[in-house]
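What the coordinates show
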Amino acid sequence: MENRLRINRDTLAELADIQLLLVKKEGLKGGRSFPNTQSGFLNTILTDYVNYLHEGLLNGKNYSELISDAFGGVNSLSDLKLQNAELQRQNKVIIDRVYQLIYMQLFAQVDLYESSPGWENQIGSVFDPSNSYGEVFAEIQKIVERDQQQFFKGRAKKKIKL
C-alpha cells in the first residue's frame, strides 16, 4: 500500500521557505539539523506537530487550547497576523510621535526660545487638537509623513538598507 499526501502549491511553497529558513538558522546556531529532502523535512515537521498534539491531548487539552498555546494565546494564524498588524500600527504611531517631538524641539529652538522669553510657561497641551498647540502637532504630523514618504521613496530607488 502506498501512502501519498497531496499538498497545495501555496502550502508547498511556504514549506520550502520554512525549510530554507530553519536549515539556515538552526545551522548557524548549532541547533537541530533537518533533512535536506522535502519529504524528510515534512516528515520531521509533521512528527513534531503530531507528538505535540498527542501529548497535549493526553494531558486533557482540546485542539483549540493547543493551537492557542502554540500561537501564544491567539486562536489562529490569521489572529496572529491581525495582532501583528495592530502592533505595527501602534509602533508607527509611537515613532511618528517621536519624530513630531524632534521637529517640535527644532521649531522651539528656532522660533520660541529665541524670540519669546518665558515661552515655556505659555505652552498648552500638544495632545489637545482644539488648541493651537494641537493644531501645530497635526501640521507636524503632516511634515513627518511627507518626510517618511520622501525617505522611503529615495530608499526604494537607491536600495538603502536601514
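Notes on the structure in this doc start here. (Residues numbered from 1 in each chain as written. Predicted model: local features only at pLDDT ≥ 70, side-chain atom pairs only at ≥ 80, totals over all residues. Heavy atoms only, no water.)

All right, on to the overall build of the chain then. Helix and strand counts for the chain stand at 5 helices and 0 strands. Element order for the chain, N to C, with α for helix and β for strand: α-α-α-α-α. In the chain, buried positions account for 17% of the 162 residues. When contacts within the chain are restricted to residue pairs at least 6 apart in sequence, long-range pairs at least 24 apart make up 33% of them. Here the chain has roughly 13,300 Å² of accessible surface; of this, 56% comes from carbon and sulfur atoms. (Helix = DSSP H or I, 4+ residues; strand = E, 2+ residues; numbered from the N terminus. Buried < 20%, exposed > 50% of the residue type's maximum accessible area, 1.4 Å probe, protein only. Contact = heavy atoms within 4.5 Å. Areas by Shrake-Rupley, 256 points an atom, 1.4 Å probe, with all protein chains shown as cover.)

The next point concerns the side chain of T44. Along the chain, T44 falls in helix α2 (residues 38-58). Beyond its immediate stretch of four places on either side in the chain, T44 contacts R32, F34 and P35.

This part takes up the nonpolar core. With 5 residues, the main nonpolar core is built from Y103, M104, F137, I140 and V144. Elements with a contribution of two residues or more to this core: α4 (77-115) and α5 (132-158). The element that contributes the greatest number of residues to this core is α5, accounting for 3 residues. Leaving out residues up to four positions away in the same chain, Y103 has contacts with I140, I143, V144 and D147. (Core = buried A, V, L, I, M, F, W, Y, C linked by side-chain atoms within 4.5 Å.)

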